[in-house]
Amino acid sequence: MPSSAAPHVKSRCAQYPGSTVTRSAVPDDKVDWSVSWPEYDPVCYTAPSVLNKPQWADPDIGSFSPQFNALDGAVDRTSFQGKYRVENGTPLNPLGRTGLAGRGLLGRWGPNHAADPIVTRWKLDVKGAKIHHSVSKLPILQFVSIKRKDCGEWAIPGGMVDPGEQVSLTLQREFSEEALNSLSVPESERAQIHQRITKLFSSPGFQVYKGYVDDPRNTDNAWMETVAVNFHDESGNSVSELPLQAGDDAGQVQWVDLDSSLALYANHSHFLQLVSNERKAHW
Ligand code: RP5
């Protein structure tokens with residue numbers, strides 16, 4: 001399983017998402033903490049939505065003492081990247097500088113764990129035969145993609161792992177909430193949808209990626225990590241037939257062809273490239 005960490009590209013985006021805050025500029029050769037840069041003085045920002053003390057966010061450092069690099073009660077503060085540094089009680093982003101200190105929009109100091117369900121099917125013609133790409137000659141895969149409400153970018157319908165929650169549960173829950181809007185369908189349809197989803201998600205799935213996410217919300221002290229798992233509907237008669245309906249954090253939802261030209265949220269297109277390699281599909 002490839003697990004290479006993504007470089008800081010989106011994690012150094014100039015404008016911090018959902019704010020008027022501009023990150024301090026960090027040149028490529030100064031991203032790594034091991035490169036000495038005594039003048040580094042990043043802008044500090046934690047969003048009001050986090051400072052309001054919602055139940056999904058940590059209090060400020062000083063008013064509590066989290067157990068970093070450990071399972072802290074039900075909150076998993078370990079990193080897939082290995083042991084991260086903690087300086088003056090504050091965790092340091094394992095991939096280096098981002099030009100912004102504090103937590104930004106992220107609730108947890110240190111790693112914020114997510115799960116990304118990549119639900120795929122083959123693109124078929126009216127007769128049910130696989131459609132091959134005109135240039136690569138390889139069959140085309142499609143995945144369920146959502147348009148995020150917060151930034152308008154297309155993405156995998158992932159979400160945060162709740163404290164103590166099994167990742168397998170998060171994968172199914174997030175997919176149901178974001179792509180099938182299971183929260184709002186009538187009771188009569190809910191059972192059938194639930195049955196098909198449970199069947200697909202109870203198959204082992206292919207673990208595509210486990211590690212750091214190059215998410216635009218990352219900061220020097222808080223960052224996203226994920227487990228991305230591919231659930232594939234080979235025959236096309238499972239989830240392929242379910243009515244997609246955007247819900248929760250999604251503005252729109254649709255089946256999208258996998259292709260290297262896809263411009264997706266964070267480094268999600270990298271995860272899809274790994275899926276197409278594994279399934280010998282067009283990229
Ligand atoms: C990304 O943010 C992850 O890969 C996942 O798709 C997503 C989780 O955050 P929310 O959608 O819950 O904001 O880094």
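Just so it is clear, the structure is predicted and the values come from calculations on it, not from any experiment.

## Quick word on unusual backbone geometry
- Backbone geometry places Lys-53, a non-glycine residue, at a positive phi of 60°.
- Along the chain, Lys-53 turns up in the loop between α1 (48-51) and β2 (71-72).
- Even without a glycine there, the phi angle at Ala-266 is positive, about 50°.
- Within the fold, Ala-266 resides in the loop between β13 (250-257) and α4 (268-278).

## Concerning the site of the ligand
- Residues in contact with the ligand, as listed here, are Ala-114, Asp-116, Arg-148, Gly-158, Gly-159, Met-160, Val-213, Asp-215, Arg-217, Met-224 and His-268.
- One nitrogen or oxygen atom from the side chain of Asp-116 is found 2.5 Å from an oxygen atom belonging to the ligand.
- Relative to its unbound accessible area of 360 Å², the ligand is 93% covered by the protein chains.
- Taken together, the residues that form the shell around the ligand break down as four nonpolar, three polar and four charged.

## Side note on the pattern of salt bridges
- If you walk through the whole model with that rule in mind, you get 13 salt bridges.
- Note that Arg-77 and Asp-58 form a salt bridge whose closest N and O atoms lie 2.9 Å from each other. Placement of Arg-77 in the loop between β3 (75-76) and β4 (86-87) and of Asp-58 in the loop between α1 and β2 is noted, with a sequence separation of 19 residues between them. Grouping residues by exposure puts Arg-77 and Asp-58 together as buried.
- Of the charged contacts in the structure, one is a salt bridge between Arg-173 and Glu-177, with a shortest N-O distance of 3.6 Å. Of this pair, Arg-173 and Glu-177 are both found in helix α2 (residues 167-179), four residues apart, which corresponds to roughly one turn of the helix.
- When its relative accessible area of 15% is taken as the criterion, Glu-177 is described as buried.
- Taken together, the shared-partner salt bridges in this structure form one network comprising Asp-162, Glu-165, Arg-173, Glu-174 and Glu-177.

About the criteria used
Residues numbered from 1 in each chain as written. Predicted model: local features only at pLDDT ≥ 70, side-chain atom pairs only at ≥ 80, totals over all residues. Heavy atoms only, no water. Helix = DSSP H or I, 4+ residues; strand = E, 2+ residues; numbered from the N terminus. Near = heavy atom within 4 Å. Polar contact = N/O pair within 3.5 Å; in protein donor to acceptor, adjacent residues only side chain to side chain. Areas by Shrake-Rupley, 256 points an atom, 1.4 Å probe, with all protein chains shown as cover. Nonpolar A, V, L, I, M, F, W, Y, C, P; charged D, E, K, R; others polar. Salt bridge = Lys/Arg side-chain N within 4 Å of Asp/Glu carboxyl O. Buried < 20%, exposed > 50% of the residue type's maximum accessible area, 1.4 Å probe, protein only.

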